[in-house]
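Chain residues, written in single-letter form:
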Amino acid sequence: VQLQASGGGLVQTGGSLRLSCVASGLTFRSVSLAWFRQAPGKERDFVAGIRYNSHTYYADSVKGRFTISRDNAKNTVYLQMNNLEPEDTAVYYCAAASGLIASSVRTRAQYNYWGQGTLVTVSS
């Protein structure tokens, strides 16, 4: 299984970025997918998740600004990030897991597979 994340970069406060994560080696339409992020010196935290049925889940800090989506035909999960803030600066990781129930989507330990991370830097 491989997850390849891309789309990070440097953006000013209030700007937008779209992250992509292409997966291979798994039955994409059957898995739950998520984005986590890790700022320097901090834990890796849940940002957004989408289950196999396209139900979505968000951290409170990004609700209304970020949108997660999936394209099963392209084996790709996206994270559209709008109105970015300096506090959003972090390395963003995509993750995948099979058979997650709704209550487990936000739990880092539930995810079996991880991408390599892509750096997002928001300047003030």
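Look up: the structure comes first, before these words.
In this report, the structure presented in the accompanying data block is examined. Computed from a predicted structure; not experimentally measured. (Residues numbered from 1 in each chain as written. Predicted model: local features only at pLDDT ≥ 70, side-chain atom pairs only at ≥ 80, totals over all residues. Heavy atoms only, no water.)

A few points about the state of the cysteines
Every disulfide links exactly two cysteines, by a covalent bond between their sulfur atoms. Tallied over the full model, the rule gives one disulfide. Note on cysteine connectivity: Cys21 is disulfide-linked to Cys94, with sulfurs 2.1 Å apart. Taking the sign of the S-S torsion, about 60 degrees here, the bridge from Cys21 to Cys94 comes out right-handed. On the criterion of sequence distance, the pair formed by Cys21 in strand 3 (residues 17–24) and Cys94 in strand 9 (residues 90–98) is long-range, its members being 73 residues apart. You can call Cys21 buried: its relative accessible area is 1%. (Disulfide = S-S within 2.5 Å. Helix = DSSP H or I, 4+ residues; strand = E, 2+ residues; numbered from the N terminus. Buried < 20%, exposed > 50% of the residue type's maximum accessible area, 1.4 Å probe, protein only.)

Details of the environment of Ser20
As for its placement among the helices and strands, Ser20 is situated in strand 3. Overall, the relative accessible area of 15% leaves Ser20 in the buried class. For the pair Ser20 and Phe66, spaced 46 residues apart in the sequence, the C-alpha separation amounts to 13 Å. Dropping the residues within four chain positions of it, Ser20 is found in contact with Gln4, Ala5, Ser6, Trp35, Thr76, Val77 and Tyr78. (Contact = heavy atoms within 4.5 Å.)

Notes on the pattern of salt bridges
On inspection of all chains with the given rule, the structure shows five salt bridges. Of the charged contacts in the structure, one is a salt bridge between Asp88 and Arg37, with a shortest N-O distance of 2.9 Å. Of this pair, Asp88 sits in the loop between strand 8 (76–81) and strand 9 while Arg37 sits in strand 4 (residues 31–38), and the two are 51 residues apart along the sequence. With relative accessibility at 1%, the residue Asp88 sits in the buried group. Notably, a salt bridge pairs Arg65 with Glu85, separated by 4.0 Å at the nearest N-O pair. Highlighted residues: Arg65 in the loop between strand 6 (56–58) and strand 7 (66–71) and Glu85 in the loop between strand 8 and strand 9, separated in sequence by 20 residues. Exposure remark for Arg65: the relative accessible area of 10% places this residue in the buried category. Among the ionic contacts, a cluster of salt bridges with common partners joins Arg37, Arg65, Glu85 and Asp88. (Salt bridge = Lys/Arg side-chain N within 4 Å of Asp/Glu carboxyl O.)

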